[in-house]
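# Observations on the model geometry
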Amino acid sequence: MSNGNYTWLLAVLTPFFFVFYDFMKLMHLGANKKDYYIACLISYMALAFVISLVNTGIHLVIDPIYSAETVINMMDVCRWTENGIFVAALQQMFFLFLVMIFLHVLLSMQAYWYGWLTDVILIAIICIFTPITPLRAVLSVFFSLIMINGNALLHIAICVLLSAALSLFGLMVLKRKTL
Amino acid sequence: MIELKQVTKRYGDATVLKNLNLSIDEAGIYCLLGRNGAGKTTLLKSIAGYQNITSGTIKVDGKEVSTALLDTGVSYIENFAKHFNLPVRKLLQIASKVNPDYDYDFALEMMERFELDGKKKFNHLSLGMKTMISTIICLSSNKSVILLDEPVLGFDALMRVEFYDMLSESFKRHPRIIIVSTHIIEEIAKAIQKLIIIDKGTLCFFDTLQAVEEKAYSVSGLKNDVEIAVRNLNVIGEDCVGVLMTAYIFDKPLAESSLEIHPLSLQDFFIQLVGHKGGVRK
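The rules behind these values
- Residues numbered from 1 in each chain as written.
- Chains lettered and ligands numbered in written order.
- Predicted model: local features only at pLDDT ≥ 70, side-chain atom pairs only at ≥ 80, totals over all residues.
- Helix = DSSP H or I, 4+ residues; strand = E, 2+ residues; numbered from the N terminus.
- Buried ≥ 20, exposed ≤ 12 C-beta atoms within 10 Å, placed from the backbone.
- Contact = placed C-beta atoms within 7 Å.
- Pairing = 2+ DSSP bridges.
- Core = buried A, V, L, I, M, F, W, Y, C linked by C-beta atoms within 7 Å.
- Domains from an automatic or database assignment.
- Nonpolar A, V, L, I, M, F, W, Y, C, P; charged D, E, K, R; others polar.
- Axes fitted to C-alpha atoms, helices over the stretch in contact; angles between N-to-C directions.
- Parallel < 35°, antiparallel > 145°, perpendicular 65-115°, else oblique.
- Left-handed = near helix turned anticlockwise from the far one by under 90°.
- Expected span 1.5 Å × (residues − 1).
- Arc of directions from axis to C-beta.

## Here's the deal with the overall build of chain A
In terms of helices and strands, chain A carries 7 helices and 0 strands. Secondary structure of chain A in N-to-C order comes out as α-α-α-α-α-α-α. Each principal axis of the C-alpha atoms in chain A carries an extent, and together these give about 55 × 40 × 25 Å. Scored against the burial criterion, the 179 residues of chain A give a buried share of 31%. Long-range contacts, defined as pairs at least 24 residues apart, comprise 78% of the intrachain contacts of chain A with a sequence gap of at least 6.

## Observations concerning the overall build of chain B
In terms of helices and strands, chain B carries 9 helices and 16 strands. Counting only C-alpha atoms, chain B reaches 65 × 40 × 35 Å along its principal axes. Buried residues in chain B amount to 41% of all 282 residues. Summarising the internal contacts of chain B: among those between residues at least 6 apart in sequence, 67% fall at separations of at least 24.

## Describing the pairing of strand β12 (residues 235-241) of chain B
All names here are of chain B. Looking at chain direction, β12 and strand β13 (residues 244-250) are connected through 6 bridges and run antiparallel. Counted as the bridge partner of C240 is M245 from β13. Taken together, β12 and the strand that follows it, β13, pair antiparallel across an intervening segment of 2 residues, in which G242 is found at a positive phi of about 60°.

## A short note on the environment of Q51 of chain B
Among the structural elements, Q51 of chain B can be located in the loop between α1 (40-48) and β4 (55-60). Sequence-distant contacts of Q51 of chain B, defined by excluding residues within four places in its chain, comprise T178 of chain A together with K45, S46 and T67 of chain B.

## Regarding the interface of chain A and chain B
Contact with chain A, which involves 16 residues of that partner, is made by 19 residues of chain B. Those elements that provide at least two residues to the side of chain A that touches chain B are α1 (7-28), α2 (33-61) and α7 (152-176) of chain A. Tallying contributions element by element places α1 of chain A first for the side of chain A that touches chain B, with 4 residues.

## Observations regarding the sheet that holds strand β2 (residues 14-24) of chain B
Spatially, 4 strands are ordered β2-β1-β4-β5 (chain B) in an open sheet, and the strand pairing comes out antiparallel. The sheet is open, and its two borders are formed by β2 and β5 (63-64) of chain B, each paired with just one other strand.

## A word on the nonpolar core
The biggest cluster of nonpolar side chains holds 114 residues, and the ones touching the most others in it are F97 of chain A together with I47 and L147 of chain B. Top element by residues in this core is helix α4 (residues 85-108) of chain A. It accounts for 14 residues. Of the residues that make up this core, three or more belong to each of domain 1 (2-200) and domain 2 (213-281) of chain B. When sequence neighbours within four positions are dropped, the list of residues in contact with L147 of chain B reads L44, I47, A48, V74, S75, Y76 and I179 of chain B.

## Some remarks on the environment of S144 of chain A
Residue and element names in this part refer to chain A. Checked against the element boundaries, S144 lands in helix α6 (residues 133-146). Judged by local crowding, S144 falls into the partly exposed class, with 15 C-beta atoms found within 10 Å. Counting along the chain gives 138 residues from S144 to Y6, while the straight-line C-alpha distance between them is 22 Å.

## Let's talk about the domain arrangement of chain B
Residues and elements named next belong to chain B. Considered domain by domain, chain B is made up of domain 1 (2-200) and domain 2 (213-281). Distance between the C-alpha centres of domain 1 and domain 2: 34 Å. Contacts between domain 1 and domain 2 engage 7 residues on the former and 6 residues on the latter. Of all the secondary structure elements, the ones that give two or more residues to the side of domain 1 that touches domain 2 are α6 (185-188) and β9 (194-199). Its residues placed into classes, the side of domain 1 that touches domain 2 shows 4 nonpolar, no polar and 3 charged.

## Looking at the packing of α2 of chain A against α4 of chain A
Residue and element names in this part refer to chain A. One can describe the packing of α2 onto α4 by two numbers: an axis separation of 8 Å at closest approach and a directional angle of 140°. Between α2 and α4, the interaxial angle falls into the category oblique. At the point where α2 passes α4, the crossing takes the right-handed sense. For the pair α2 and α4, the contacting residues are C40, Y44, M45, L47, A48, F49, I51, S52, L53, N55, T56 and L60 in the first and I85, A89, Q92, M93, L96, F97, M100, I101 and H104 in the second. Of the residues in the contact of α2 with α4, the class split is 16 nonpolar, 5 polar and no charged.

## Focus: helix α5 (residues 157-173) of chain B
Residue and element names in this part refer to chain B. For α5, which comprises 17 residues, the first-to-last C-alpha distance of 25 Å matches the rise-based estimate of 24 Å (1.5 Å per residue) to within 8%. Within the span of α5, buried status applies to F163, Y164, M166, L167, S170 and F171. The arc enclosing the buried residues of α5, seen along the axis, measures out at 160°, which places them on a common side. In α5, the exposed residues that point more than 90 degrees away from the buried face are A157, L158 and K172.

## Overview of unusual backbone geometry
All names here are of chain B. Of note, E115 is a non-glycine position whose phi angle comes to about 55°, a positive value. For E115, the location among the structural elements is in the loop between α3 (104-113) and α4 (127-140). On the neighbour-count criterion, E115 (8 C-beta atoms within 10 Å) is exposed.

## Here we look at α6 of chain A
Spanning 14 residues, α6 of chain A covers 20 Å between terminal C-alpha atoms, matching the ideal 20 Å at 1.5 Å per step. Among the 14 residues that make up α6 of chain A, 0 are buried, leaving the element largely open to the surroundings.

Next comes the structure, spelled out in structure tokens:
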């Protein structure tokens, strides 16, 4: 496994801090919800850019050092490197941005019944879809579109569209958020 | 300007605010009084748009407030508010970045007046100091409505005196609506213009301190004499010991009488207004 894969952990962990730790404290400093949300989106985009840059750097510089072994980087697994390293970095950036927004919205909902319902639905989808072949195919198509996608343009377009939709949904959740 | 119309807030079966109507249209320092569980925090949080009400409307500067309003223009600070574990000076700096009209000079001035170490991290401060930081941040924000929920909790006597001075000074610099909820009634009297008293979710009193000074008094004497004297007056409480009786009045002054008449302190007025024994109003 490439060391660069671990950089993705930062993308997974950051929304936890933004939602459970920073929101309340920023509100106590006098920030408003609008500024908080815009700041979150900008931070996610900046972080996605930095993580993508670091992982691409590791993939180019550190991974080839282990010439005796096959080093697996997520950029290869997701077939993004088929489009050249620059486009692969872009694909990675938009995918990580989508992951962070998805987690942000999901975590924001946890204080409410619809958050728990979403958790149950997501777990049910994984549990039910995985063992049943036709349904597994549906899951496979979905992940082929948002993650393991060699078609850069299609992949980036889907990530951007889903991110936009999730951002709007996240705004609705934020509007209901109490302190 | 704050306008509350028929505001009701329920948590399950419990009704915390009941058809509350209140209109504050003048800048000033207002004191919000009420017993524990009277609905003070719920009221303040609802005005700040931190939680939704069950029915009714709340408007601040003409805008209807709810959690859906992303920028309410209200600054609210609760007791024991948590902040980032950063040095005090850094916290004040960040606050100045997120509040467009922040008075940074005032914040620094207050930091020095309260001898707060700018390099000390928030978690290393005492409870009183933490509360003071929150209050300074809230007052320096210069938003049109400032809501302070029990800001003197954890303050020693000297800090409380300094706090009341800070409140007055902040208001002089930027006149706006400042609502302070507290239990230490007599001390804050010097700093405030109007008094809001709520009990069991309803508004009991909203008037100036002058009104309390002029209209609130006690009448003591023989039970029969007192009953006759206060017959047509607004009696807010009574105490009886044998044949002696003390009636607490909020009304026009009593004409010359042989009975003992004493003005009510703010605390006594509050106690008589919201006093209950065994869940039943006296």
